[in-house]
Amino acid sequence: MIQTYLNKKSDTVTLAFFRLAFGLMMLFSIIRFSAYGWIDKMYIQPKFHFTYYGFEWVKPLGNFTYILFFICGLAALFIAIGYRYKLAITVFFLSFTYIELMDKTTYLNHYYFISVVSFILIFLPANANYSVDALQKEKIKRLQIPTWNIDVLKVMLTIVYFYAGLAKLNSDWLLEAMPLKIWLPNQSNTPIIGNWFHKEWVQYAFSWFGALYDLIIPFLLWNKKTRNIAFVFVVIFHVLTKILFPIGVFPYVMIISTLIFFSAGFHKRIMNFIFAPFKSKLTVFETPNTLIETMKPPKYNLKMCFLALFMAFQLVFPFRYWLYPDELFWTEEGFRFSWRVMLMEKAGYAQFYVTDAKTKQRKAIDTTRFLTPFQEKQMAFQPDFILEYAHFLHDYYEKTGVNDPIVTVDSYVALNGRLSQRYLDPNIDLAKEYESFQHKTWILPFNDVIKGF
Amino acid sequence: MKNIILGCFSLLFLIACSSDSSSNEINNDNFNRTELLTNWADNIIIPRYENYQAKVVLLHSKVSTFVSTPDQTNLDEVRIAWLEAYKAYQYVGMFSIGKAELINLNSTVNIYPTNQAGIQTNITNGGYNFALLSQYDKQGLPAIDYMINGLANTDAEIIAFYETNTDATKYKQYLSDLTNQLKVNIDAVVTDWNGTYRNTFISSNGNSVSSSTNKMVNSFIKYYEKDIRLGKVGYPCGAFVNDGNKYPEIVEAYFKNDVSKLLLEESIKASQDFFNGKYFNATTEGSSLKSYLDYLNAKRDGQNLSAIINNQFQTILTVNNPIDNSYSNQINSNNVKMVELYDALQLNIVYLKLDMMQALNITVDYVDNDGD
């Protein structure tokens, strides 16, 4: 049965469509990011950057950061037109991922999604047709490719939605309508529907619908019968999130990505529409290449095995939080890279102190001196940020002559409508604690239970 | 089919063109911020400023009388008027917005400990310009405190500075200049509010970073955090620096000395009244941070957040109550009470700065990044 599946073929046009759409969307995203001046704001201006554990060496490159973005954008363009595709997608994956690793303040699940998809695309023959590559090299042109090349992307999208849905199956989301109970009233000026956001049943309806949507939408998209109506829901859902929350381009990225679930015929019509001005060339893409079609598929498909392993990893990785004690939302140990999207309302307050080990003189630190307001906001409720910043303070004040600086923090965090409570042990010298995958014992207990995933 | 394709491309077009920038005036919730700002301006800010202005004018005239006839009666009158002005000031310090922000009203009125040596130099040399940053700690109510309470140990000796001292004219001049500067500054602020600024303030009714609501809330919290918590209690009792030292000589109104507790009490009442939108000198409550929180149904642990914050203000007053009228005395005799007071003040910062800001969805930063 597996063998039959592996031999199953689909039209290359689907993958070509996805490549074109993905390339263009990424190009626009990069242009948008630059046009808003965010490269300067996020990567040039800050004096300090929060790094990922194990990737401390990934830092912004000063003014070369602009060149990095340019390379990333150029790669996206090459992906779109399918020119030197393998190189372009590899460069895109590396440069985009590098950008995301530069400062975890800007972490978004969606950026991780882009990294994962571009990584998968490295191994797929997305330039096999409707590309400059196919036009130039007869050898790589194909009308059909094994179906798994397309399915792997569908599976990835399914994981994103389904896991986002699973994450919502918790008592805060379902029984308390948190955090939508906080967020919706803040948006009551939304045209037409805004007045309803104060009603409790609306807050519950949004919560339950959101969870249900995430859980079942990928399966409705797989199924030919329900696909059209499912897509209508995709559009409604994402346009709504776009209106309500500041989530940038990603609603559109998701809407367009889900088009991959449609049939090859649909994608072909889109391509015909796009390539209408180049009618003469179109026939080239649609003429079978007899030479290639007779080639036998390799016996052991290394690429496929590798991708299968990668998908297995994707299935397991989001559950790593089970290895940690206490509440995931509280400690955030295993929170990132797990499709936990728009899941909680959390904010913090952190007052740092640096004490001279010899003279016992204590300084209260004005955090605005070292961090941007955005960094400060993100830092205040995430333990790994607080720890990294504490080490920065230790090193900084040691240089200014403080003896063996002891760094402590008075921190409070408010989560999903609970009153703020003390977050970290105020007596712990954070300069003597180190980042690791171990549980951080200096996070104070949550003193409440959130049941569910 | 063509429609879908067209739709896709218009979406793509939207990606490129959509503006997520929130730098313009945007209202996200339906709370009537115009009503809020109007209540703040008409029933709280302007009446409080005018009250302080009246007290400064009175102080100004009492000082005039004193410098023309320096005697015990007139000195006592100046002291009473000075304390009244100081109390009235506690109600306006939190409004660092508009003209007050522009002329640094807080720094010109209430920087303490005052710079005694600097004041003596000013008196001797003359030629000072109070508008300069370097002169902030040589003017305002703390400087007047020094001039009327701190020059010597006995009243007779103090009066002598203005009567028989060889530099008596210069002392008179300095005291007059100090009160005059207070008047110039508050006059400028009141004139601005009664002129165009009131409407400017009210019409900026969005919830962007530069909107009046945001700026006012940020100013209110910053004042509570820096001027009330740290200035009045945290620094003097050493709780903030925590190096084992105490600083009883840096309390507010140090030379008068027995009013530091009273001034804190006034400032807490002023903060609570502002939070509750209470009209100045009346019991009516208008649109406020409290009603805003209640409108958003902000509950924490099943209790209204506004009630939690009000309870904490009450707790602060209760903790403050048994403390010595002079914080200096309290710090020297039993500093534990002062640290308790500091902790009570600190807790409300967390409620205001974290829980309230979160509920009001008030932007604290200028970065309008994507979220997820």
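Residues numbered from 1 in each chain as written. Chains lettered and ligands numbered in written order. Predicted model: local features only at pLDDT ≥ 70, side-chain atom pairs only at ≥ 80, totals over all residues. Heavy atoms only, no water.

Focus: the pairing of strand β3 (residues 346-355) of chain A
Residue and element names in this part refer to chain A. Convention followed: The buried label applies to any residue whose accessible area, calculated with a 1.4 Å probe on protein chains only, is under 20% of its type's maximum; exposed applies above 50%, and partly exposed to all values in between. Starting at the N terminus, helices and strands are each numbered in turn, a helix being any DSSP run of H or I of at least four residues and a strand any DSSP run of E of at least two. Whether two strands pair depends on DSSP finding at least two bridges between them.
Most of β3 is tucked away: 9 of the 10 residues are buried. Pairing between β3 and strand β5 (residues 406-415): 10 bridges, direction antiparallel. Following the sheet pairing, lysine 346 is matched in β5 by leucine 415. The antiparallel pairing of β3 with strand β4 (residues 362-364) creates a hairpin that spans 6 residues between the two strands, and lysine 360 there sits at a positive phi of about 65°.

Brief notes about the packing of helix α3 (residues 72-89) of chain B against helix α7 (residues 140-150) of chain B
Residues and elements named next belong to chain B. Stated formally: Only the stretch in contact is used when fitting a helix axis, every axis being a line fitted to C-alpha atoms; angles between N-to-C directions are given from 0 to 180 degrees. Relative orientations are named as follows: roughly parallel for angles under 35 degrees, roughly antiparallel for angles over 145 degrees, roughly perpendicular for angles from 65 to 115 degrees, and oblique for any other angle. Left-handed describes a crossing whose near helix is turned anticlockwise from the far helix through less than a right angle; right-handed describes the clockwise counterpart. A contact between two residues is defined here by any heavy atoms of the two lying within 4.5 Å.
Relative orientation of the contacting elements α3 and α7 amounts to 160°, with a least axis distance of 11 Å. One finds that α3 runs roughly antiparallel with respect to α7. For the crossing formed where α3 meets α7, the hand is left-handed. Contacts between α3 and α7 pair Leu75, Val78, Arg79, Trp82, Ala85, Tyr86 and Tyr89 from the former with Leu141, Pro142, Ile144, Asp145, Ile148 and Asn149 from the latter.

Some thoughts on unusual backbone geometry
Backbone torsion omega between A:Met178 and A:Pro179 reads 5°, so that peptide bond is classified as cis. Tracing the chain through its elements places A:Pro179 in the loop between α9 (171-175) and α10 (180-183). The omega angle of the peptide bond from B:Tyr112 to B:Pro113 is 0°, so this bond is cis rather than trans. Relative to the elements of secondary structure, B:Pro113 occurs in the loop between α5 (105-109) and α6 (116-125). Phi at B:Asn281 is positive, roughly 60°, even though this residue is not glycine. Positionally, B:Asn281 belongs in the loop between α11 (260-276) and α12 (289-295). Of note, B:Asn297 is a non-glycine position whose phi angle comes to about 55°, a positive value. Residue B:Asn297 is classed as partly exposed on the basis of its relative accessible area of 43%.

Remarks on the domain arrangement of chain A
Residue and element names in this part refer to chain A. Stated precisely, the cut-off is as follows: Where a domain begins and ends is set by an automatic assignment or by a domain database. Note on terms: buried area is the combined drop in 1.4 Å-probe accessible area of two parts once they are placed together, counting the loss on both. Each salt bridge in this description consists of a side-chain nitrogen of Lys or Arg and a carboxyl oxygen of Asp or Glu lying within 4 Å of one another. Think of a polar contact as two N or O atoms within 3.5 Å of one another; within protein, one of them needs to be a possible hydrogen donor and the other a possible acceptor, and neighboring residues in sequence only count if both atoms come from side chains. Following the grouping adopted for this structure description, the nonpolar residues are Ala, Val, Leu, Ile, Met, Phe, Trp, Tyr, Cys and Pro, the charged ones are Asp, Glu, Lys and Arg, and the polar ones are all others, Gly among them.
In terms of domain boundaries, chain A breaks down into domain 1 (1-142), domain 2 (147-262 + 298-324) and domain 3 (345-432). A straight line from the C-alpha centre of domain 1 to that of domain 2 covers 22 Å. Both faces considered, domain 1 and domain 2 share a buried interface measuring about 2,600 Å² in area, 79% of it formed by carbon and sulfur atoms. It is Phe113, Ile120 and Phe123 that lose the most area in domain 1 upon contact with domain 2, and together they represent 22% of the buried surface on that side. Run the count over domain 1 and domain 2 and you get 0 salt bridges. Here domain 1 is connected to domain 2 by 5 residue pairs in polar contact (both at pLDDT 80 or more). Those elements that place two or more of their residues in the side of domain 1 that touches domain 2 are α1 (2-7), β1 (9-11), α2 (12-35) and α6 (109-122). Its residues assigned to classes, the side of domain 1 that touches domain 2 shows 21 nonpolar, 4 polar and 5 charged.

Topic: the pattern of salt bridges
Residues and elements named next belong to chain A. For the coordinates displayed, the defined rule picks out 28 salt bridges over all chains. Here arginine 418 makes a salt bridge to aspartate 172, at a shortest N to O gap of 2.9 Å. On the criterion of sequence distance, the pair formed by arginine 418 in the loop between β5 and β6 (421-422) and aspartate 172 in helix α9 is long-range, its members being 246 residues apart. We note that arginine 418, like aspartate 172, is buried. A network of salt bridges, in which partner residues are shared, links Lys104, Arg336, Asp384 and Glu388.

Overview of the nonpolar core
Quick reminder of the rule: Nonpolar cores were defined as sets of buried Ala, Val, Leu, Ile, Met, Phe, Trp, Tyr and Cys residues, with membership established by side-chain atoms within 4.5 Å.
In terms of nonpolar packing, the biggest core is built from 118 residues, with B:Trp40, B:Tyr49 and B:Phe201 touching the most fellow members. With sequence-adjacent residues up to four places away left out, B:Trp40 is seen in contact with B:Ile45, B:Ile46, B:Phe201, B:Thr213, B:Met216, B:Val217, B:Phe274, B:Ser287, B:Ser288 and B:Leu289. Listed in part, the 93 residues of the second largest apolar core include A:Ile89, A:Ile145, A:Phe261 and A:Leu307.

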